[in-house]
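# Notes for the structure review
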Amino acid sequence: MDSTNRLWYRDAIFYEIPVKSFYDSNNDGVGDFKGLTQKLDYLAWLGIDCVWLLPFYKSPMRDDGYDISDYYFIQPEYGTLDDFDEFVEQAHRRGIRVIADLVLNHVSDQHPWFQEARNPNSPKHDWFVWSDTDKKYSQARIIFVDTEKSNWTWDPIAKQYYWHRFYSHQPDLNYDNPEVREEMKNVVRFWLKRGLDGFRCDAVPFLFEREGTNCESLPETHAYFKELRSMVDKEFPGTILLAEANQWPTEAKAYFGNGNDEFHMAFNFPLMPRMFIALAKEDRTPIVDIIKQVIPIPENCDWGTFLRNHDELTLEMVTDEERDVMYHEYVKHPKMRLNLGIRRRLAPLIDDDQNTIRLLHALLFSLPGSPFLYYGDEIAMGDNIYLGDRNGVRTPMQWSPDRNAGFSKCDPEQLYTPVITNPIYHYESRNVETQSRLSSSLLNWLKEIIRVRKKYSDVLGRGEIRFIDHPNLKVFAFIRSYKGKSMLCVNNLSKKPVAVELDLREYVEWTPIEAQTSVPFPKIGRLPYFFTLSPHAFFWFKLTSPTGDTW
Ligand code: GLC
Ligand code: CA
């Protein structure tokens, strides 16, 4: 690991993993830290620089671990603190960093803090947000609209309502209480001391609530994260904070603060759905418009870009018209919808079209931001819409054609959830072993494109972006450039072939060299440069100056 690269997160490829879903080392049907450690060589082979672990803390598992009942203890099926330490150490040995989920906003109703707090005379009572009525903060939206009717739930013991932005079994902590603020810093200290490289901070907009507001991204919330950042910078320099703030562009950008005083990274929620909208409409405008809104950002910060994750593809921060486009194009069965979103993995979402999967990854790796991959999407894993909540996209990783997809040697009935056996996505062919043997597989292609992205990580990771304007909206072309180096990226968002002429006069006499294969294309002249692209195809070119370059 290059510890001199202070901005490592700007060049990194991230990979998101639920511990329970990756690999089961003791054959009890649930993945664990020992299993994860055994699969680190795979992640290193793929080119992953940083793993993001979903919550692994003790939990009754009613929201897959986002309902924590002890922040200082590991969920027993996942292993022990020693297993965790060993995992982090082995990851670091391979040059892979590790960040983990940090759930600040709420705890499980089983957490001893909440159980104690239900007694109105206990010192913990004020750790949560209580009210005698359920009418306060009425402007706050409900997030899990399919399950919850209110953000208040009556507690018969406290004889008061308690506040929760997510499930009613996830009471929100009261960040107006200094003890809460300090205790959550202790949680951060506890895990960073064990060697973590940072946190993906869950649900950051919701820490504070104030009457007359929508209770999201309030100044008090930013102030707390500034406090947290200054603690982390002082006590654990080099570790990062990443915000999960599903917000409109201005609010999402605000989490970078002045570049040095809040988050290092934030997920690019504004961009994610718009890549799918652009595909559905065969029109680059949604992507171009949103990127213009989310850049520039401070030099020390970066967006985390992603196509899919462990949640539904959220459509909260798009217009009604955009949401309709998404539902129309991507929802073929009512069970594919959840809350204001679509609960599908990447491959099934786009009907398993291999060109489209590759095009989407090409966008992910060439647009500004650091890419986050979701486990299993590298082998175009399928999903199971008949499992409840978001469990359909959290099935066991498919390693081989063996029993239980090579995930576990337990009896199939013992698995925490069934593996995918739908004929299109069956694990007998969709698995790491089979795909790694097939040179044309998605897995091998992805490994290769990751290599190319890393080779050009200065330009593609840190460079600025300039869009090339031309009348055919189906073609999305842009230049990334960094310290005199330039790359040209051309994408066909359409299901049909296109012919296009791009104005590249700025680069007269330069030669485009195709980045994956190093094949030189004809020199750029004064006339518009002519391209043809097959359906959903893309090109990345390194632009070589007439004097030749050394990069
Ligand atoms: C975040 C997580 C999601 C979880 C919610 C409540 O949005 O990504 O999985 O259910 O927070 O913690
Ligand atoms: Ca296990």
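Please refer to the structure placed before this passage.
Notes on the structure in this doc start here.

Cut-offs and rules
Residues numbered from 1 in each chain as written. Chains lettered and ligands numbered in written order. Predicted model: local features only at pLDDT ≥ 70, side-chain atom pairs only at ≥ 80, totals over all residues. Heavy atoms only, no water. Axes fitted to C-alpha atoms, helices over the stretch in contact; angles between N-to-C directions. Helix = DSSP H or I, 4+ residues; strand = E, 2+ residues; numbered from the N terminus. Parallel < 35°, antiparallel > 145°, perpendicular 65-115°, else oblique. Left-handed = near helix turned anticlockwise from the far one by under 90°. Contact = heavy atoms within 4.5 Å. Nonpolar A, V, L, I, M, F, W, Y, C, P; charged D, E, K, R; others polar. Salt bridge = Lys/Arg side-chain N within 4 Å of Asp/Glu carboxyl O. Buried < 20%, exposed > 50% of the residue type's maximum accessible area, 1.4 Å probe, protein only. Phe/Tyr/Trp six-rings, centres within 6.5 Å; stacked < 30°, edge-to-face > 60°. Lys NZ or Arg CZ within 6 Å of the ring centre and 35° of its normal. Expected span 1.5 Å × (residues − 1). Pairing = 2+ DSSP bridges.

## Considering the packing of helix H13 (residues 354-366) against helix H15 (residues 442-455)
Put simply, H13 and H15 touch, their axes get as near as 11 Å, and they point 20° apart. It follows that H13 is roughly parallel to H15 by the angle criterion. Handedness of the H13/H15 crossing: right-handed. The segment H13 lies against H15, with Gln 354, Ile 357, Arg 358, His 361 and Phe 365 engaging Leu 442, Trp 445, Leu 446, Ile 449, Ile 450 and Arg 453. In terms of residue class, the contact of H13 with H15 is built from seven nonpolar, two polar and two charged.

## Digging into the pattern of salt bridges
Taken as a whole, this structure holds 48 salt bridges when the rule is applied. Here Glu 321 and Lys 281 are joined by a salt bridge, their closest N and O atoms 3.6 Å apart. You can see Glu 321 sitting in helix H11 (residues 320-330) and its partner Lys 281 sitting in helix H9 (residues 271-281), a full 40 residues away along the chain. The partner of Lys 474 in a salt bridge is Glu 282, with the nearest N and O atoms 3.3 Å apart. Remark: Glu 282 occurs in the loop between H9 and helix H10 (285-294) and Lys 474 occurs in the loop between strand S17 (464-467) and strand S18 (475-482); sequence separation between them is 192 residues. Assessed through its relative accessible area of 31%, Lys 474 is described here as partly exposed. Where salt bridges share partners, they join Lys 20, Asp 63, Asp 64, Asp 311, Asp 389, Arg 390 and Arg 394 into one cluster.

## With respect to unusual backbone geometry
Backbone torsion omega between Ile 295 and Pro 296 reads -5°, so that peptide bond is classified as cis. Within the fold, Pro 296 resides in the loop between H10 and strand S12 (302-306). In the Ramachandran plot, Asn 27 falls in the positive-phi region, its phi being about 55° despite a non-glycine side chain. Within the secondary structure, Asn 27 sits in the loop between helix H1 (19-22) and helix H2 (33-38). Of note, the phi angle at Asp 64 is positive, near 50°, even though the residue is not glycine. When you line up the elements, Asp 64 lands in the loop between strand S3 (57-58) and strand S4 (70-74).

## Here's the deal with the packing of helix H6 (residues 178-193) against helix H7 (residues 219-235)
Their axes nearest at 11 Å, the elements H6 and H7 cross at an angle of 35°. Every pair of crossing elements has a handedness; the one defined by H6 and H7 is right-handed. Facing Arg 181, Met 184, Lys 185, Val 188, Arg 189 and Leu 192 of H6, the residues of H7 in contact are Tyr 224, Glu 227, Leu 228, Met 231, Val 232 and Glu 235. Grouping the constituent residues of the contact of H6 with H7 by class yields seven nonpolar, no polar and five charged.

## Structural notes on the environment of Gly 392
Mapped onto the secondary structure, Gly 392 falls in the loop between strand S16 (370-374) and helix H14 (432-437). Spatially, the C-alpha atom of Gly 392 lies 28 Å from that of Pro 286, the residues being 106 residues apart in sequence.

## Some words on the packing of aromatic side chains
Enumeration over the complete set of coordinates arrives at 60 aromatic pairs. With a centroid separation of 6.3 Å and 80° between ring planes, the pair formed by Trp 445 and Phe 538 is classed as edge-to-face. In this pair, Trp 445 is assigned in helix H15 and Phe 538 in strand S23 (residues 538-544), connecting sequence segments 93 residues apart. As far as burial versus exposure is concerned, Trp 445 and Phe 538 are alike and both buried. An aromatic cluster is present here, built from Phe 33, Phe 56, Tyr 57, Tyr 71, Tyr 72, Phe 84, Phe 87, Trp 113, Trp 127, Phe 190 and Trp 191 joined pairwise through their rings. Directly above the ring of Trp 399 sits Lys 39, whose terminal nitrogen or CZ lies 4.2 Å from the centroid. Across the ring face of Tyr 375, the terminal group of Arg 345 is positioned such that the distance to the ring centre comes to 4.6 Å.

## Some words on H13
Over its 13 residues, H13 runs 18 Å from end to end, which matches the ideal 18 Å to within 8%, given 1.5 Å per residue. Taking burial as the measure, the 13 residues of H13 include eleven buried ones, the bulk of the element. Taken together, the buried positions of H13 are occupied by Thr 356, Ile 357, Arg 358, Leu 359, Leu 360, His 361, Ala 362, Leu 363, Leu 364, Phe 365 and Ser 366.

## Considerations on the sheet that holds strand S8 (residues 160-163)
The strand order across the open sheet built from three strands is S6-S8-S7, with neighbouring strands paired in antiparallel fashion. Of all strands in the sheet, those with a lone pairing partner are strand S6 (130-131) and strand S7 (152-155), marking the two edges. One ladder, built from four bridges, connects S7 with S8; its direction is antiparallel. By the bridge assignment for S8, Asp 155 is matched with Gln 160.

## Concerning the sheet that holds S18
One open sheet holds the five strands; their spatial order is S17-S18-S19-S23-S21, and the pairing between them is antiparallel. Either end of the sheet is taken by a strand with one partner, and the two such strands are S17 and strand S21 (511-514). On average, each strand axis in the sheet is tilted by 30° relative to the strand beside it, whichever way the strands run. Note: S21 against S23, four bridges, orientation antiparallel. Note on S23: the bridge partner recorded for Pro 512 is Leu 543. The strands touched by H10 within the sheet are S17 and S18, with S17 carrying the most contacts at an inclination of about 140°.

## Concerning the pairing of strand S2 (residues 50-53)
The two faces of S2 match: Cys 50 and Trp 52 on one face and Val 51 and Leu 53 on the other face are all buried. Pairing of strand S1 (residues 14-17) with S2, which is carried by four bridges, proceeds in the parallel orientation. Paired with Glu 16 across the two strands is Trp 52, which belongs to S2. Alignment of S2 against strand S5 (residues 97-103), held across four bridges, turns out to be parallel. Each bridged residue has a counterpart across the sheet, and for Trp 52 the counterpart in S5 is Ile 99.

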